[in-house]
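# Coordinates in review
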Amino acid sequence: MIAIKDLVKDYDNTRAVDHLNLTIGKGEIFGLLGPNGAGKTTIILTLLGLSEPTSGSVTVNDRNATSEPIKVKKITGYLPDDVGFSENSTGLQSLVYTAMLNGIPREKAIESARELLEIVGLQDAADQKTKTYSKGMTQRLGLADVLIKEPQIMILDEPTIGIDPRGIHDFLGLIRKLSKEKGMTVLLSSHLLHQVQKICDRVGILVGGKLLAEGNVHDLADKLFGARETSFTVVADPVTDELVHKLQEVPSVSEVKKNGTGIIVTGSKVAAPLISQTVVQSGAKLFRISGKEYGLDDIYQHYFEGGANHV
Amino acid sequence: MDWTTSINTILKEEQIMSDIPAPFRVLVEKEISDHVRSWRFMILVGLILLTTSGSVYTILSVIRDNPAELSAESTYLYLSLFTSSINNLPPFITLIGFLGPLVGIALGFDAVNSERNNGTISRILSQPIPRDYFINSKFVGALIVVFALVFALGFLVLGIGILFIGILPAFEEFVRILMFLIFTCIYIAFWLNLGITSSIVFRQASTSALSALAIWLFFTVFYGMIVRMGAQSFIPNEATANSLTLMFSRVSPDYLFNELTTVLLTPSIRSLGALSFEQVSGTLPSTLPLGQSMLLVWPDITALIAGTLICFGISYALFMRQEIRA
Ligand SMILES: Nc1ncnc2c1ncn2[C@@H]1O[C@H](COP(=O)(O)OP(=O)(O)OP(=O)(O)O)[C@@H](O)[C@H]1O
Ligand SMILES: [Mg+2]
């Protein structure tokens, strides 16, 4: 449904998107994960033909988004990260306006606007001016605004921003339900792993305009987890410099750090028996050895802290 | 029977077609309703009514009570309604020349940046419409409002005049007034475009308004002075200095508009600028027909229209090239 090929987008002196390749199938929910400034919004804007790529191509439903933006925008609903509505219109009026821009006659627009307001839980605020809406209400209205054109593709830029935890749960549940019921393709961006994890079929981790990893949430954890190192905490007595030195010599151990009465050893999983053997052989008493495995969280954290310089 | 059915289907299709709202129309309608319902617009209308009513009222009372007080040449009563100045009250055309730019700038200065700041622009541009619909609808919507406002005002004055004076305006008078109203709209459209342009360039509405007002002030207050001083101090020959002053003054839209409307509404003006004594000697003091008046200000007309179009072109080009989030 969405195919991004070798996309590059340069701003004056920054490369916002760097040779990105990505395909998203029909009916799939794809989560684009990345820290601030990773290029999520930039990718989304090129998908809608609102921003021109420096090189590469973007096709949506086999239409080139840059040369035929109107055909793409006809079937795509977009929720911007800073969504807002005309201040002096009511929620209902705003939806009707969007519907009419999509060629839906007024009567039908009013009808479906009411339905949608009910679905997103804004039926009581339908005739209230949008400037009186809270951030979360605006976000919900934004979702209704995306849905009123009955899109085949939904593109949501940080949809959960400004919604309270319970609201997020409902909101994401709603997106997933609608997508599965109507077979809609969803692309959503976020910098919060937990949320994306819950509803996405597939996620991509984007840092510095590059896609570092991409795949099913569980696969991704395994894939990255396998390659990662484990950190062992070894509690022994006495901790001598000689012991530290010996540990460093153990094969498949990459780093040893003294930490009070304990030692932090970083290495691959298989190093555990060798580590305990070394400690015992050196004449120290081994009280405890525990390994901490990296979860998807940590990996994500790692990428994000490392930012672009990890790449 | 064949063709009746086909006509029926065509009619039905028509029906369906007319039900589907054309996006550009929807955009323009929204613009108009936003303008008309805003406080800003009400204030502008109030301002215009207040300032012009004084001028028109005094002239009307003079016409009724003591027509001799009006200058002898005013055989055109209705035109004098727009041009005469009594008791030091500025005439209608001066007031409009002054308030017009204000109306234009007020309707345009936050056209694009407010939508940007509200986060509505990306939502609207993600609907299936060409990008230029957005900027065009801003212009067309405001222009329709301006036309409605100017013509309502003009016809109001005319209507009150007819009630007071009791005779209908001559056809030529009527056409001249109509022309005046049309050029007023074009003049306001120039400032409207300037306002829209600055709303694209500046993110802050207040900066945008200030910069547009600064340009307006420059042309109305300082530009004339600068040109006159420059010409007088650098060119010793007085005749050349005068003609140069005139040439450079015409760069100012404000000057163009004043010259244009004064000539249009004062048929007795026979020439722009100074005439030599030989040229004047032997002429009868008479009035010009409309066609001749138009001919006289033809350069002004083209310049004003060109200025408006150029301004719109600039705003169009800027908008089309600007990033959605800039
Ligand atoms: N108009 C612009 N001019 C110059 N650089 C820009 C412009 N817009 C974005 N950038 C740069 O492009 C990069 C990607 O920005 P983008 O907005 O796509 O990030 P993002 O992933 O959406 O971040 P966030 O999570 O903060 O929304 C950033 O480094 C940003 O500085
Ligand atoms: Mg963003």
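Residues numbered from 1 in each chain as written. Chains lettered and ligands numbered in written order. Predicted model: local features only at pLDDT ≥ 70, side-chain atom pairs only at ≥ 80, totals over all residues. Heavy atoms only, no water.

With that settled, consider the overall build of chain B. The number of helices and strands found in chain B is 15 helices and zero strands. Looking at chain B as a whole, 45% of its 326 residues qualify as buried. Long-range pairs, those at least 24 residues apart, make up 78% of the contacts in chain B between residues at least 6 apart in sequence. Of the roughly 16,500 Å² of accessible surface on chain B, 69% is carried by carbon and sulfur atoms. (Helix = DSSP H or I, 4+ residues; strand = E, 2+ residues; numbered from the N terminus. Buried < 20%, exposed > 50% of the residue type's maximum accessible area, 1.4 Å probe, protein only. Contact = heavy atoms within 4.5 Å. Areas by Shrake-Rupley, 256 points an atom, 1.4 Å probe, with all protein chains shown as cover.)

For the rest of this paragraph, the subject is the nonpolar core. The biggest cluster of nonpolar side chains holds 158 residues, and the ones touching the most others in it are Ile-4, Leu-143, Met-154 and Ile-175 of chain A together with Phe-82 of chain B. Among the elements that make up this core, the one with the highest residue count is helix 9 (residues 171-201) of chain B (16 residues). Contacts of Met-154 of chain A, omitting those with residues within four sequence positions, involve Gly-77, Leu-143, Val-146, Leu-147, Ile-175, Met-184, Thr-185, Val-186 and Leu-187 of chain A. In this structure, Val-234, Val-239, Val-256 and Ala-284 of chain A belong to the second largest nonpolar core, which totals 16 residues. (Core = buried A, V, L, I, M, F, W, Y, C linked by side-chain atoms within 4.5 Å.)

A contiguous patch of negative charge on the surface is contributed by Glu-111, Glu-115, Glu-118 and Asp-124 of chain A. Tracing the backbone shows Glu-115 of chain A in helix 4 (residues 106-119). (Patch = residues over 30% accessible without salt bridge, like charges linked within 9 Å, V, L, I, M, F, W, Y side chains within 5 Å. Salt bridge = Lys/Arg side-chain N within 4 Å of Asp/Glu carboxyl O. Lys, Arg positive; Asp, Glu negative; His and termini not counted. Charge placed at Lys NZ, Arg CZ, Asp CG, Glu CD.)

Before going further, it helps to examine the sheet that holds strand 5 (residues 63-64) of chain A. All names here are of chain A. The antiparallel open sheet is built from four strands, whose spatial order is 2-1-4-5. Single-partner strands in this sheet number two, and they are strand 2 (15-24) and strand 5. Pairing between strand 1 (residues 2-10) and strand 4 (residues 55-60): five bridges, direction antiparallel. The residue of strand 4 that forms the bridge with Lys-5 is Ser-57. Helix 1 (residues 40-47) contacts strand 1, strand 2 and strand 4 of the sheet and is inclined by roughly 120 degrees relative to strand 1. (Pairing = 2+ DSSP bridges. Axes fitted to C-alpha atoms, helices over the stretch in contact; angles between N-to-C directions.)

Residues and elements named next belong to chain A. In terms of burial, strand 3 (residues 29-33) is largely enclosed, as five of its five residues are buried. Of the two faces of strand 3, both are covered, the one formed by Ile-29, Gly-31 and Leu-33 as well as the one formed by Phe-30 and Leu-32. Pairing geometry for strand 3 and strand 8 (residues 185-190), over five bridges, is parallel. Of the residues in strand 8, the one forming a bridge with Ile-29 is Val-186. Bridge count for strand 3 against strand 9 (residues 202-207) is four bridges, and the pairing is parallel. Among the inter-strand pairings, Leu-32 is bridged to a residue of strand 9, identified as Gly-204.

This next bit is on the interface of chain A and chain B. Counting from both sides, the interface comprises 31 residues of chain A and, opposite them, 25 residues of chain B. Where chain A abuts chain B, roughly 2,500 Å² becomes buried across the two surfaces, and 56% of that area is made up of carbon and sulfur atoms. Per-residue buried area on chain A facing chain B is highest for Leu-50, Tyr-97 and Leu-101 of chain A; these three make up 27% of the total on that side. Remark: the boundary between chain A and chain B carries two salt bridges. Two residues, Glu-323 of chain B and Lys-9 of chain A, come together in a salt bridge whose shortest N-O distance is 3.4 Å. Counting across the chain A and chain B interface gives 11 residue pairs in polar contact (both at pLDDT 80 or more). Secondary structure elements with two or more residues in the side of chain A that touches chain B: helix 1, helix 2 (69-75), strand 6 (76-79) and helix 3 (91-101) of chain A. The dominant element in the side of chain A that touches chain B, judged by the number of residues it contributes, is helix 3 of chain A, at four residues. Residues belonging to the side of chain A that touches chain B are distributed by class as follows: 13 nonpolar, 11 polar and seven charged. (Buried area = accessible area lost by both parts, 1.4 Å probe. Polar contact = N/O pair within 3.5 Å; in protein donor to acceptor, adjacent residues only side chain to side chain. Nonpolar A, V, L, I, M, F, W, Y, C, P; charged D, E, K, R; others polar.)

Before going further, it helps to examine the side chain of Thr-52 of chain B. All names here are of chain B. Within the secondary structure, Thr-52 sits in helix 3 (residues 39-65). Polar contacts involving the side chain of Thr-52 include one to the main-chain carbonyl oxygen of Ile-48, which spans 2.6 Å. Those residues in contact with Thr-52, other than ones at most four positions away along the chain, are Phe-92, Leu-95 and Leu-153.

Our focus in this paragraph is the packing of aromatic side chains. Under the counting rule described, the total for this entry stands at 17 aromatic pairs over all chains. When the centroid spacing of 6.4 Å and the interplanar angle of 65 degrees are considered together, the rings of Phe-92 of chain B and Phe-180 of chain B count as edge-to-face. With Phe-92 of chain B in helix 5 (residues 92-108) and Phe-180 of chain B in helix 9, the pair connects residues that are 88 residues apart, well separated along the chain. Its relative accessible area of 0% is what places Phe-180 of chain B among the buried residues. Judged by centre distance (6.4 Å) and plane angle (90 degrees), the rings of Tyr-187 of chain B and Trp-191 of chain B are edge-to-face. Taken together, the residues Tyr-187 of chain B and Trp-191 of chain B, both in helix 9 and four residues apart, mark about one turn of the helix. Of the two residues examined, Tyr-187 of chain B and Trp-191 of chain B, each falls in the buried class. Site record: aromatic cluster; members linked through ring pairs are Phe-147, Phe-151, Phe-155 and Phe-174 of chain B. A cation over an aromatic ring shows up here: Lys-30 of chain B above the ring of Tyr-97 of chain A, its NZ or CZ 5.1 Å from the ring centre. Between Arg-131 of chain B and the ring centre of Phe-319 of chain B, over which it is positioned, the NZ or CZ distance is 5.5 Å. (Phe/Tyr/Trp six-rings, centres within 6.5 Å; stacked < 30°, edge-to-face > 60°. Lys NZ or Arg CZ within 6 Å of the ring centre and 35° of its normal.)

Bear in mind that shape data such as this cannot, by itself, settle questions of function.
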